[in-house]
Amino acid sequence: MHLRFSIIFYNKKNHKLLVFRDLFGIKSMYFSQENKKITISDQIKPLVSNNHKSLNKTYIKDYLSFQISDQNISSETFFENIHRVLPGHILTGENGEIKQIPNEFLGDFKPNEFNFQEILSEKLKSIRNKFGQVGSYLSGGLDSGLISILLNQNSEKYPTFYFKTDAEITEDEEIAEKISEINNFPIHKISPPEIEIETLKNWASKSMQPELMLFPAEIFACINKTGNQKILLSGHGGDTIAGDGLEYLDILFENGEYKNLKNSLFLYYSQKNKAWKKIGYNDPFRDFITDYFLKKSFILYRKKRLIVSFKAIIKLFFAFNLNIFDLFQRIKLRNIVRKLKTIKHKHKEEIDFAGLFFKNGTAHQNRQFNSNFIGLGIHALETFGLVDEITNTQTLYPLIDQRLLEISLFQSPLEKFAHGRGRGSIRIALEKIAPDFLTNRTGKGDFDLLIENIFKKLWDKYGKTLPEDHQVWQFADKNIYNKAIENDSDPIFTEKINKNDLWYLQRTMYLAIWLEVMESYSS
């Protein structure tokens, strides 16, 4: 059951309803209920009737506090009486009573002899044979690179599409060009159009969800003007399917192997920050290990393992050549306060998908399994589904596959860690077919930068002019907004601002636009 699907069965005779959603939630499905009448749709808009316009204010606050991104997806939406069918679940309805239960047939995970590259190659071959005209996104990252290379391993070549983020050629753009040149397939570079506020409002009225505006449909609509490919392949989900391998660090920590932990942390750190060379002798690396240490100690503290936490503090300080002043110097009080607020405002409906579908997994396997169901990942899939309908295309996700996840779950933590680079399964597949500059890549492509550039332009046109009496301030923190206003004269203020604050500003702006649309829709 590695395919995308939403299936609805309705028995007119006994009025019994069954709705199935695929394990990863690739195909969206929503429902509402009024006076024992159940309405089902793959979009939210048809469900937003006069009686279903009440906003879910708790959910909106969760949206702004990152709860619906960092935690597993819930059935809630931005409307009180509209819910999503959960990934991997069955919605049952009988005599006006509805409930969701996990689909037990989707939960068979065990060690296997499958080969990651062979499964992916066979899947791409099947897609080529079925659809003919196929294209793929190529961001310069691992996941899209692997798909594009495997897609083009036969004599017929299929086009790729790269979204330009800047007038200058970026490192990711150079990588994408090299991949296409070495493998002899065409690459189309697409510069996204100017996004106007009215366009966004139109998009908001179709999606009915503010987080979906993070991926404006007009960007993807450009592909239709470039070629006639109606089937597009995306590398979305590859990072969570393959895993970051950070459980290897956790195992070293839990076993008290602090010397190995120190070296492994530096491997991981140096892959993310190529400029830092010396271990333990520069402030950025000390900041990094102190932050890692604080997170681990906090987890132990929450589990009420106070003595273990205290012993870990002592051992880690000796192993990393730290002293008590390092701790106090490097603690960022603002981040701790935000973390405590997040804990206090914990979402009431977080779901442990690993507990439902992978009951015999270890704690580390469960963490990787659940990473495939975080809110941002599922919302992106729901977004792209709506984009497909608007742009008359169909996006497929070859890496989101139960068999590929199964391979990665039972891969050794050290192999998955891949010398600090993560995504071991994908790197092993790339080693056989791709140059080292791609196999050793640690970035995730330029798409986040693309979204950031769009935000920067919209911020100048709309975001920084939000009036004092705007309804968005019922939910948003005006202090973060005002601080950004003070610094936005800097041409690179989006690079200087704290990333969490930047995301907060984006969400506040899109929420404001969405609330205006909802207000006009209600009237």
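Please refer to the structure higher up on the page.
All values reported here derive from a predicted model rather than from experimental measurement.

(A) Inspection of the overall build of the protein chain at higher detail. Tallying secondary structure elements over the protein chain gives 25 helices and 12 strands in all. The buried share of the protein chain, reckoned over its 523 residues, is 52%. Expressed as a percentage of contacts within the protein chain between residues at least 6 apart in sequence, the contacts between residues at least 24 apart total 73%. Of the roughly 25100 Å² of accessible surface on the protein chain, 53% is carried by carbon and sulfur atoms.

(B) Layout of a nonpolar patch on the surface. On the surface, Phe-310, Ile-314 and Phe-318 cluster together to form a nonpolar patch covering roughly 360 Å² of accessible area. Counting through the fold element by element, Phe-310 comes out in helix H12 (residues 306-319).

(C) Fine view of the sheet that holds strand E5 (residues 82-84). With antiparallel pairing, three strands are arranged side by side in an open sheet as E4-E3-E5. Since the sheet does not close on itself, it has two edges, and those belong to strand E4 (37-41) and E5, each with one partner. Going from strand to strand, the sheet's axes swing by 25° on average, the running direction of each strand aside. Where strand E3 (residues 30-34) and E5 come together, three bridges link them in antiparallel fashion.

(D) Main features of the nonpolar core. Ranked by internal contacts, the top residues of the largest apolar core, which has 111 residues, are Phe-79, Leu-233, Phe-369, Tyr-510, Leu-511 and Trp-514. With 12 residues, helix H25 (residues 499-522) is the largest single contributor of residues to this core. Membership of the second largest hydrophobic core comes to 11 residues, among which are Leu-246, Leu-249, Leu-252 and Leu-265.

(E) Representation of the packing of helix H3 (residues 116-131) against helix H4 (residues 142-151) within the structure. Closest axis-to-axis distance for the H3/H4 pair is 9 Å, and the angle between their directions is 60°. Taken together, the axes of H3 and H4 lie oblique to each other. The two elements H3 and H4 cross, and the hand of that crossing is right-handed. Facing H3, whose interface residues are Phe-116, Gln-117, Leu-120, Ser-121, Leu-124 and Arg-128, H4 presents Leu-146, Ile-147, Leu-150 and Leu-151. Looking at the contact of H3 with H4 residue by residue, the classes come out as seven nonpolar, two polar and one charged.

(F) Examining the environment of Leu-450 more closely. Relative to the elements of secondary structure, Leu-450 occurs in helix H22 (residues 447-461). With relative accessibility at 2%, the residue Leu-450 sits in the buried group. Linking Leu-450 and Lys-164, residues 286 residues apart in sequence, is a C-alpha distance of 7.5 Å.

(G) Inspection of helix H9 (residues 247-254) at higher detail. Counted residue by residue, H9 has six buried out of eight residues, so it is predominantly covered. Residues of H9 that are buried include every one of Glu-247, Tyr-248, Leu-249, Asp-250, Leu-252 and Phe-253, and no others.

(H) Local environment of the sheet that holds strand E6 (residues 89-94). With antiparallel pairing, the four strands of this open sheet are ordered in space as E1-E2-E6-E7. Of all strands in the sheet, those with a lone pairing partner are strand E1 (6-11) and strand E7 (97-102), marking the two edges. Across the sheet, the mean angle from the axis of one strand to that of its neighbour is 15°, orientation sign disregarded. Judged from the six bridges that link them, E6 and E7 form a sheet pairing that is antiparallel. Its bridge partner lying in E7, Thr-92 is registered against Lys-99.

(I) Highlighting the packing of aromatic side chains. For the coordinates displayed, the defined rule picks out 18 aromatic pairs. When the ring of Phe-9 is compared with that of Phe-20, the centres are 5.9 Å apart and the planes differ by 85°; the resulting orientation is edge-to-face. Of this pair, Phe-9 sits in strand E1 while Phe-20 sits in strand E2 (residues 16-21); the two residues are 11 residues apart in sequence, bridging distant segments of the chain. Looking at Phe-20, the relative accessible area reads 17%, which means it is buried. A network of ring pairs unites the aromatic residues Phe-24, Phe-109, Phe-353, Phe-357, Phe-358, Phe-369, Phe-373 and Phe-410 as a single cluster. Here Lys-178 stacks its cationic end above the ring of Phe-437, 5.3 Å away from the centre of that ring.

Definitions and cut-offs
- Residues numbered from 1 in each chain as written.
- Predicted model: local features only at pLDDT ≥ 70, side-chain atom pairs only at ≥ 80, totals over all residues.
- Heavy atoms only, no water.
- Helix = DSSP H or I, 4+ residues; strand = E, 2+ residues; numbered from the N terminus.
- Buried < 20%, exposed > 50% of the residue type's maximum accessible area, 1.4 Å probe, protein only.
- Contact = heavy atoms within 4.5 Å.
- Areas by Shrake-Rupley, 256 points an atom, 1.4 Å probe, with all protein chains shown as cover.
- Patch = residues over 30% accessible without salt bridge, like charges linked within 9 Å, V, L, I, M, F, W, Y side chains within 5 Å.
- Salt bridge = Lys/Arg side-chain N within 4 Å of Asp/Glu carboxyl O.
- Pairing = 2+ DSSP bridges.
- Axes fitted to C-alpha atoms, helices over the stretch in contact; angles between N-to-C directions.
- Core = buried A, V, L, I, M, F, W, Y, C linked by side-chain atoms within 4.5 Å.
- Parallel < 35°, antiparallel > 145°, perpendicular 65-115°, else oblique.
- Left-handed = near helix turned anticlockwise from the far one by under 90°.
- Nonpolar A, V, L, I, M, F, W, Y, C, P; charged D, E, K, R; others polar.
- Phe/Tyr/Trp six-rings, centres within 6.5 Å; stacked < 30°, edge-to-face > 60°.
- Lys NZ or Arg CZ within 6 Å of the ring centre and 35° of its normal.

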